[in-house]
Amino acid sequence: MRRVLILGGTAEARALAAELSGRGVHVVSSLAGRVSNPRLPVGEVREGGFGGPDGLAAWLAAERIDALVDATHPFAARMTASAAEASARTGVPLLVLRRPGWREGPGDTWQRVPSLHAAAARLSETATRLSGTRLSEAAARPGGGPLRVFLTTGRRSLPVFTGRAGVWLLARSVDPPEPPLPDNVHVLLDRGPYTVEGERALIREHRLDVLVTKDSGGPMTTAKLVAARELGLPVIMVDRPPPPSGVRLVETAAAAAAWAQG
Ligand code: NAP
């Protein structure tokens with residue numbers, strides 16, 4: 001029986017596991033083990049890191065894996081790099097399944113930035129600009145006071161954004177961030193699914209000025225972008241890290257299933 005390892009943690013990885021299992025392929029899905037109570041794919045599941053490319057290469061050989069699909073989140077760059085290296089070393093073919101990124105449309109006001117640090121710097125610049133013009137531009141903002149930021153980049157990115165003068169954060173994450181948290185951070189624990197109506201209400205309730213998000217792509221978290229468009233909220237969009245050079249890429253679970261079936 002053909003044996004496929006799926007590096008998962010995404011909806012696409014779960015769809016692929018279901019599709020391949022239905023086609024009689026033996027699937028092992030791997031999760032990093034970071035999220036409490038994760039959504040589980042069908043079939044065999046293992047959890048936890050492999051110990052870098054060496055550990056993954058050893059695991060692929062020991063488990064006699066025929067094909068490897070990296071279906072991790074587009075921002076899980078270390079895992080993708082590790083998969084590319086382990087594949088090159090072992091000869092186990094690798095496919096990267098990466099859903100398409102989001103595109104700015106009519107009515108959107110997006111600023112693309114290359115990294116989380118660049119997004120945080122952009123917030124500081126904006127806060128400084130607003131504090132220098134408090135009697136005009138800032139006073140006209142409904143909230144007044146600090147720049148009120150809707151931060152959806154994940155709990156582990158929070159330290160990049162805290163401690164910035166004139167910036168207040170509504171940080172939404174699945175699991176709680178590491179304490180201690182500064183006073184100017186309000187944590188909202190939620191894992192979705194989100195609705196446009198709900199996101200609109202949240203933006204209004206917290207009088208948010210700007211949304212910061214990673215370009216995760218996919219349909220599961222687009223409601224915030226629609227709500228931002230409707231309410232004229234600017235968006236700081238963090239670009240994805242580029243994939244390792246030379247890797248084979250597809251955008252859908254169906255395309256990955258066709259490849260992985262062999
Ligand atoms: P990362 O920075 O690329 O990975 C860090 C380390 O975690 C890897 O070197 C690897 O450890 C381990 N790891 C990551 N994904 C793994 C997997 N599927 N199975 C086994 N080990 C894994 O990744 P991350 O950004 O922390 O993301 C961790 C997981 O959460 C990923 O599986 C990803 O699909 C999921 N996720 C991430 C995001 C995000 O925004 N980054 C969002 C939603 C879901 P070793 O080197 O020891 O093998």
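About the cut-offs
Residues numbered from 1 in each chain as written. Predicted model: local features only at pLDDT ≥ 70, side-chain atom pairs only at ≥ 80, totals over all residues. Heavy atoms only, no water. Pairing = 2+ DSSP bridges. Helix = DSSP H or I, 4+ residues; strand = E, 2+ residues; numbered from the N terminus. Axes fitted to C-alpha atoms, helices over the stretch in contact; angles between N-to-C directions. Parallel < 35°, antiparallel > 145°, perpendicular 65-115°, else oblique. Left-handed = near helix turned anticlockwise from the far one by under 90°. Contact = heavy atoms within 4.5 Å. Nonpolar A, V, L, I, M, F, W, Y, C, P; charged D, E, K, R; others polar. Salt bridge = Lys/Arg side-chain N within 4 Å of Asp/Glu carboxyl O. Buried < 20%, exposed > 50% of the residue type's maximum accessible area, 1.4 Å probe, protein only.

**Digging into the sheet that holds strand E1 (residues 3-7)**
Consideration 1: Strand order in the open sheet formed by 6 strands is E3-E2-E1-E4-E5-E12, with parallel pairing between adjacent strands. Both outer strands of the open sheet, strand E3 (44-47) and strand E12 (248-250), are each paired with one neighbouring strand and no more. Pairwise comparison of adjacent strand axes, ignoring direction, gives a mean angle of 25 degrees for this sheet.
Consideration 2: Looking at chain direction, E1 and strand E4 (residues 67-70) are connected through 4 bridges and run parallel.

**Considering the packing of helix H1 (residues 11-22) against helix H9 (residues 253-260)**
Consideration 1: Following both chains from N to C, one finds H1 and H9 inclined at 45 degrees, their axes separated by 9 Å at the closest point. Comparing their axes, H9 and H1 come out oblique. Regarding H1 and H9, the two cross each other, and that crossing is right-handed. Contacts from Glu12, Ala15, Leu16, Glu19 and Leu20 of H1 reach H9 at Ala253, Ala256, Ala257 and Ala260.
Consideration 2: Residues that form the contact of H1 with H9 fall into these classes: 7 nonpolar, no polar and 2 charged.

**Details of the pattern of salt bridges**
Consideration 1: Applying the stated rule across the entire model yields 11 salt bridges.
Consideration 2: Close ionic contact of aspartate 108 with arginine 229 constitutes a salt bridge, the shortest N to O distance being 2.9 Å. A residue pair is termed long-range when its members are at least 10 positions apart, and aspartate 108 in the loop between strand E5 (94-97) and strand E6 (110-113) and arginine 229 in helix H8 (residues 223-231) qualify at 121 residues.
Consideration 3: Since its relative accessible area comes to 35%, arginine 229 is described here as partly exposed.
Consideration 4: Among the salt bridges present, the one from glutamate 125 reaches arginine 122, with a minimum N-O distance of 3.8 Å. Placement of both glutamate 125 and arginine 122 in helix H4 (residues 116-132) is noted, with a separation of 3 residues, approximately one turn of the helix.
Consideration 5: Given the relative accessible area of 48%, glutamate 125 is considered partly exposed.
Consideration 6: Judged by relative accessible area, arginine 122 falls into the partly exposed class, the value being 27%.

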